[in-house]
Amino acid sequence: MKRDDLFEGLSEQQKEAICYVEGPLLVLAGAGSGKTKVITHKLLYLEREEGLPAEGILTVTLTNRAASEIRHTVAEFMNGPEHNYPIGTPRWHCLQILRREITALGYGTDFVIYDDDDREALIRHILREFNIYEALYKGVASRLGYLKASLVWPEEFVSTGDGFGFDEKLAKVYVRYQDELKRCNAVDCDDLVMLTVRLFREFPEILEQYKERYQYILVDDFHDLSPAEYEFLRLLFANRNFTVTADDDQCIMKFKGGESRNIYKLEEDFPEVRVLPLEKNFRSTQNIVKVFGSVISRNTSRKDKRIRPLREKGEKVFFYWLPTEEDEAKYVVKNIREVYLRGEYSYGDMAILYRIPSQSRTIEEALKREKIPYRVIGGENFYERKEIRDLIAYLKLIQNPHDNVSLRRVINLPSRGIGIQTLTKLEQESKVKGTSLYETIKEVCSKRGSNQPIVERLRSFVKLIEALRKRAGDPVSEILKSIMELSGYGLNLSEEKLQYIGELMASTEETGLEEFLEKVSLMSSYDDVCEKDSVSLMTIPMSRGLEFPVVFIIGLEEGLIPYFKTLEDEEGISDERRLFYLGMTRAKDILFLTGAKKRRVLSRLQEQEPSRFLKDIPRQYCAWIEKSPCHIPASLGDGKKPKTFRVATVYKTGCRVRHPKWGIGVIRECYGEGDEMKVCVNFPKVGLKRLAIKYAQLERL
Ligand code: ATP
Ligand code: MG
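Read on for an overview of the structure.

Conventions and cut-offs
One numbering rule holds for all chains: residues counted from 1, following each sequence as written. Following the order in which they are written, the chains are lettered starting with A and the ligands numbered starting with 1. Confidence filtering applies because this is a predicted model: local features only for residues at pLDDT of at least 70, side-chain atom pairs given and counted only at 80 or more, and all residues used for totals across whole chains, interfaces and linings. Values reported for side chains reflect all heavy atoms of the structure, with hydrogen atoms and water molecules removed beforehand. Here, the term nonpolar core denotes a set of buried Ala, Val, Leu, Ile, Met, Phe, Trp, Tyr and Cys residues that are joined through side-chain atoms within 4.5 Å. A simple rule labels every residue: compare its accessible area, found with a 1.4 Å probe on the protein chains alone, to the largest value its type can have, and call it buried under 20%, exposed over 50%, or partly exposed in between. Under the DSSP-based scheme used, a helix requires at least four consecutive residues in state H or I and a strand at least two consecutive residues in state E, with every element numbered from the N terminus. The split into domains, and so the bounds of each, comes from an automatic or database assignment of domains. Only heavy atoms matter for contacts: two residues are in contact if any of them lie within 4.5 Å across the pair. Two strands form a pair only when DSSP identifies at least two bridges running between them. One heavy atom within 4 Å of a molecule or strand makes the whole residue count as near it. For this analysis, a polar contact is any N or O atom pair within 3.5 Å, provided that within protein one partner can donate a hydrogen and the other can accept it, and provided that sequence-adjacent residues contribute only side-chain to side-chain pairs. The protein chains shown are the only cover counted for residues, whose accessible areas, like all others here, come from Shrake-Rupley with a 1.4 Å probe. Cavities and pockets are defined on a 1 Å grid built over the protein atoms alone: a cavity is a set of grid points where a 1.4 Å probe fits but cannot escape, while a pocket is an open set with protein on both sides within 12 Å along at least five of seven lines, and lining residues are those with an atom within 4 Å of any such point. To decide whether a molecule occupies a pocket or cavity, check its atoms: if more than half lie within 2 Å of the grid points, it is inside. In this classification, Asp, Glu, Lys and Arg are treated as charged, Ala, Val, Leu, Ile, Met, Phe, Trp, Tyr, Cys and Pro as nonpolar, and every other residue, Gly included, as polar.

Attention shifts here to the nonpolar core. The tendency in soluble globular proteins is for nonpolar side chains to be buried side by side. Membership of the largest hydrophobic core comes to 69 residues, with the highest contact counts inside it found for Phe200, Phe237 and Leu266. Here the element with the most residues in this core is helix 10 (residues 189-202); it accounts for eight residues. Summarising the domain contributions, this core has at least three residues from each of domain 1 (3-95 + 195-282) and domain 2 (112-184). Ignoring anything within four residues of it in the chain, the contact list for Leu266 reads Leu26, Phe222, Tyr230, Phe237, Phe242, Val244 and Val273. With 41 residues, the next largest nonpolar core counts Ile388, Ile392, Leu413 and Ile465 among its residues.

In structure tokens:
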């Protein structure tokens, strides 16, 4: 491959970003400006032109799907097979590191990974044990996930708790949960990153080894990394050879510090970082760029970015306001059919985006009626089906018999007459001894002279697991067959369920056990995108990084987007505006926006108002049709902000400010409103200062 091929068609700014290797680089640019392309081509450039070894370039993406796309493009360029470049999500990279190094933290390298379902099963178990209302498990799971992603360790959470209310209980659950994971030699998905950070912090010699290995680091979509993921990369960034791309307007992961937190932190941690813009939009037509540009420009406290549409004017953006949600669904389906019949687009080129999952129902019914093939992305996942989860639990137990969660799931599956009472007794015993359930069961079985029927049943379970463990080296499809044969699982299952199991076996092909379990645990619904020719339906967050020639965004109503739970403050509204922007920026050629006057919300028929974001759309770029009166005031057009947005808080967490004496600092916290507002600012030279805005003579940067 020649150098010219590598740069063919790229803009000057893209080339500059690719060739800049003299120090840290932040490419700060809007949606569709070719950031992912820069990352892909820079990977090739570093290998080809700078002579770095492929395994020495660490490439980080937000989704597994994005990683495989980059891997695929690179292989195409090289005219060769897909190479084993280290390209993956932060979790994937951390998993590779932990598989080699985790013994330093007291785990075995054959640890299993608990996915959301296993995590919830364990939390329910602990809530029962602590006599806490079990139905809270989902909330607890998400709080624990948030704590881990924010790098708050169990012991820290205990010490900061005020000792009152729910947090105190939560702290107990967190500690117990983490202990239990370790006892089972298991980690959950959030542990992957948190434990790697701990490993790097506690064992500098291990960190050094990885800093040496990764001579250059590329990160796409840096804005959406969690604080834990940021810290993992920051530690590796110490070599200062890295390029990250970001668009704060697309940030949808909510953590303290707001949407620009990673960018501010990066500038703080690496003050020499060079910031380069990409100012051309390659993806969308002019009309679409004008529309999403006007909407996002109403957000205050965003990094300023210019974006010039490069493509032709294109079709106007369609806006339709309809009497009912059924009319809306009919309208969408009618247009899908029309666009399809024009012959330029296939069904796979079209996507329908919405705010919350339940919105898909009416649209699905309409699509079914018209026999249009579609697929809901991130709906019920194949791997979430009960029979599939049961078999995966067997596989996990074969890989690691100390995995208590999987053992609890399968010990009486199919029924072997081992009930809750027996299990509770065994649990108590294993807790006293500090051993896993499986070890306790084996011990009970080995006691001579004990011929009680229950002991016999436990013996036959142990025999089953031991027999299966002998086959752990077989391909997964073979192991699955053995499980079905030896355990009798499947004898009473319906034809449909057996078909799903057949599908599972077929999908595993020749994969080995460890590889298969890793793949399943790291698969997130974001990656579940179908290649077949069908219309894709998904919530807006699921559409990150994707693009479609034809996009429909439905339900543009107050309460849906912006979502009713976020209406309290300007920050919540800004979050929702970013979501709306994210959705619109997925469209290449044609964008449809729709809303309905009447909609069933939580099974009540409701009168809906049009979304407040619609009035920010300049009408000259739209075909605006109101089938039911909706009275949206027309936008003032480009560049002029309506008065109502001026009152937005100017200072918020993460903002940079200049003080006449202490220089530049970053706002850590804000309290109070308007004139009475106080802020807590971290100045690198003097530390934290609490200031009243009224008197402090701060200048916002
Ligand atoms: P997002 O913010 O949505 O992730 P992005 O900034 O990563 O977008 P890309 O996905 O890299 O943008 O590019 C958007 C589209 O523009 C893609 O279809 C890509 O192939 C195309 N593109 C990027 N750079 C160029 C270029 N120099 N010439 C022509 N097309 C380009
Ligand atoms: Mg991208």
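Moving on, we come to the sheet that holds strand 8 (residues 274-278). As summarised here, the arrangement of the six strands in space is 3-2-6-7-1-8, forming an open sheet in which the pairing is parallel. In this open sheet, the two edge strands, each paired with only one partner strand, are strand 3 (87-88) and strand 8. Bridge count for strand 6 (residues 216-219) against strand 7 (residues 242-246) is three bridges, and the pairing is parallel. Along strand 7, the bridge assignment pairs Val219 with Val244.

Next up on the list: the site of ligand 1. Near ligand 1 lie 17 residues; those nearest to it are Gln14, Lys35, Thr36, Gln250 and Glu547. Between ligand 1 and Gly32 there is a distance of 3.0 Å, counted from an oxygen atom to a backbone nitrogen or oxygen. Measuring from an oxygen atom of ligand 1, one finds a side-chain N or O atom of Lys35 at 2.6 Å. Isolated, ligand 1 exposes 630 Å² of accessible area, and the fraction of that covered by the protein chains is 81%. When atom positions are compared with the pocket grids, ligand 1 is found to occupy the second largest pocket. Here the residues of the shell around ligand 1 sort into three nonpolar, nine polar and five charged.

Here Ala329 is to be found in helix 15 (residues 325-341). Distance from Ala329 to Thr362, taken between C-alpha atoms, is 6.4 Å for residues 33 residues apart in sequence. Dropping the residues within four chain positions of it, Ala329 is found in contact with Thr362, Ile363 and Ala366.

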